[in-house]
Amino acid sequence: MKPQTTLVHAGDRQKLGQYTPVSTPIYASSSFFYDTMEELADVFADRLPGKTYARMGNPSASALEDQVATLEGADLAYATASGMAAVHLAIMAGLLDRRQAIVAGNVLYGGSLELLRSVLRPWGVEVRFCDFCDIDALQAAVREVRPGLLITETISNPCLRVADFERVKEVATANDALLLVDNTFTPLLARPLELGADMVIHSATKYLGGHGDVLAGVVAAPEKYGESLRQAHRCLGGNLGPFEAFLVMRGVKTLPLRMRRHCVNAHMVFEGLTGHPAVERLIYPADPSHPDSDAVAKLLPPGLAGGTIGVDVRGGQEGAYAFLDRLRLVKTSASLGDLTTLALHPASATHRMLSAEARAELGITDGLVRLAIGAEHIDDILADLRQALEAA
Ligand SMILES: Cc1ncc(COP(=O)(O)O)c(C=O)c1O
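A short tour of the structure in this document, coming up. (Residues numbered from 1 in each chain as written. Predicted model: local features only at pLDDT ≥ 70, side-chain atom pairs only at ≥ 80, totals over all residues. Heavy atoms only, no water.)

Some remarks on the overall build of the protein
What counts is decided by this rule: Strands are runs of DSSP state E lasting at least two residues, helices are runs of H or I lasting at least four, and both sets are numbered from the N terminus onward. Within these notes, the globule rule equals 2.2 Å times the number of residues to the 0.38 power, and the radius of gyration is based on C-alpha atoms. Under the scheme applied here, a residue whose accessible area is under 20% of the maximum for its type counts as buried, over 50% as exposed, and between as partly exposed, the area being computed with a 1.4 Å probe on protein chains only. The contact definition used throughout considers only heavy atoms, calling two residues in contact when any of these lie within 4.5 Å. For the accessible areas, the method is Shrake-Rupley and the probe is 1.4 Å, while residue cover comes only from the protein chains on display. Counting rule for charge: Lys and Arg are taken as positive, Asp and Glu as negative, and neither His nor the chain ends is counted. To locate a charge, take atom NZ for lysine, CZ for arginine, CG for aspartate or CD for glutamate.
Helix and strand content of the protein: 14 helices and 12 strands. The C-alpha atoms of the protein give a radius of gyration of 23 Å, which matches the 21 Å a tight globule of 392 residues would have. Here the C-alpha coordinates of the protein stretch approximately 75 × 50 × 35 Å along the principal axes. Counting all 392 residues of the protein, 53% fall into the buried class. Sequence-distant contacts in the protein: of pairs separated by 6 or more residues, those separated by 24 or more amount to 73%. When the accessible surface of the protein is totalled, it reaches about 17,900 Å², and 53% of it is carbon and sulfur. Each charge class in the protein was averaged separately, 36 positive and 46 negative side chains, and the resulting centres sit 3 Å apart.

Structural data, given as structure tokens:
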């Protein structure tokens, strides 16, 4: 054979010998073949387990999906190219055979709000936003809209509100609506499926990946939603690539170590900044005076209230910008869940598309900074925050 042929084939497709790799390799292959046509046909027809074409399933992504299903106590999971693709997938699968109407939390991640408002609504899905911490308001909205599904977050972004899940679930069940929960802020701390959620969503870009080097998402669910998720996942095509799956899977292995550190550091930042003269208000779910402290106690383990803190800096936007510009160790950046402590000004970033009045109604003041506390030493984090607050 000529080099044009041999170089395309040499070295590839070696069967594994009597060894098994300790961690899942990056399966960079868009399709898979079998020894016989009969086997391939059986795999295509689901009579045999296996892979055919990477959009229908890639071994690296499948390994991550098994891992996240274990994390969430789910029967199955589907990995997606971003958290937004996961939000989209869950909604599409959830609404497949249901009334095309949604009641959504009014303080969801900005991208999720935009998806509901600017994409799904124009497509004809009825969308109503509502404060899930106000159960009477939620009940009224659900009675009126008769939604196919409700969607909310365990800890809302950026005001860190926590709804009473038991009661939210009661409302969903009484009205035959699915409950979709975005657990991006609290993996391992909260297990929404155990509390009655129908599907759990993650932006794996955050704590699951954990190192700020990958964009990914996952939806986890019980078996009864397997077929609709599978159908929507393979048709929408927002699959996760094998390299990204490898990175997220590696991240999830250290999630318990990292999550504890994020939470403990966040708690110490809360204590360290309490009473600081440049801070008008601190928002932290484990603050005993947090408006949802009963719901927090039911949802999260004691003292482990996630890694995010809201700091309302005195002086409005000017004070917040001065503080952010003086940070050295802490980086002003739009993500969270990284080893690096990150700071964000929601009014200029994730929630800039809301009117000033809408932001004020949600408690997103011009001075509010969201801190996503990293895994550095607490002394260094606090020193940087304190020196930057001098400027505010
Ligand atoms: C709670 C939440 N859900 C979903 C997303 C979207 O995730 P991604 O940026 O990975 O698409 C984010 C992103 O910040 C988020 O914070």
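Concerning unusual backbone geometry
It is generally the case that most residues other than glycine have a negative phi and that most peptide bonds are trans. The residue after Asn-157, namely Pro-158, is reached through a cis peptide bond having omega 5°. Looking at the element boundaries, Pro-158 is found in the loop between strand S4 (149-153) and helix H7 (165-174). Unlike most non-glycine residues, Arg-13 shows phi in positive territory, near 60°. Topologically, Arg-13 is positioned in the loop between helix H1 (3-9) and helix H2 (37-44). The residue Asp-176 is not glycine, and still its phi comes out positive at about 55°. Here Asp-176 shows up in the loop between H7 and strand S5 (178-182).

A short note on helix H5 (residues 110-120)
Within the span of H5, buried status applies to Gly-110, Ser-112, Leu-113, Leu-115, Leu-116 and Leu-120. Buried-residue contacts for H5 involve helix H4 (83-95), strand S2 (101-105), strand S3 (126-130) and S4.

What to know about the pattern of salt bridges
Working definition: two side chains of opposite charge can pair if their charged atoms are close together. Filter applied, for reference: Criterion for a salt bridge: a side-chain nitrogen of Lys or Arg within 4 Å of a carboxyl oxygen of Asp or Glu.
This structure, assessed with the given rule, holds 13 salt bridges. Close ionic contact of Arg-230 with Asp-46 constitutes a salt bridge, the shortest N to O distance being 2.9 Å. In this pair, Arg-230 sits in helix H8 (residues 226-236) while Asp-46 sits in the loop between H2 and helix H3 (59-72), placing the two residues 184 residues apart along the sequence. The shortest N-O distance in the salt bridge between Asp-292 and Arg-161 comes to 2.6 Å. With Asp-292 in the loop between strand S8 (279-283) and helix H11 (293-299) and Arg-161 in the loop between S4 and H7, this pair connects stretches of sequence that are 131 residues apart. Connected via shared salt-bridge partners are Asp-46, Glu-227 and Arg-230.

Re the site of the ligand
The cut-off we apply is this: We call a residue near a given molecule or strand whenever any one of its heavy atoms falls within 4 Å of it. Polar contacts here mean pairs of N or O atoms no more than 3.5 Å apart (in protein, one a potential hydrogen donor and the other a potential acceptor; neighbouring residues in sequence count only if both atoms are side-chain atoms). Each residue is assigned to one class: nonpolar for Ala, Val, Leu, Ile, Met, Phe, Trp, Tyr, Cys and Pro, charged for Asp, Glu, Lys and Arg, and polar for all the others, Gly among them.
Every one of the 14 residues lining the ligand counts as a neighbour, but Gly-83, Met-84, Asp-182, Thr-205 and Lys-206 are closest to it. Between an oxygen atom of the ligand and a main-chain N or O atom of Met-84, the distance comes to 2.8 Å. Thr-205 is positioned with one of its side-chain polar atoms (N or O) 2.6 Å from an oxygen atom of the ligand. Here the residues of the shell around the ligand are counted per class, giving 5 nonpolar, 6 polar and 3 charged.

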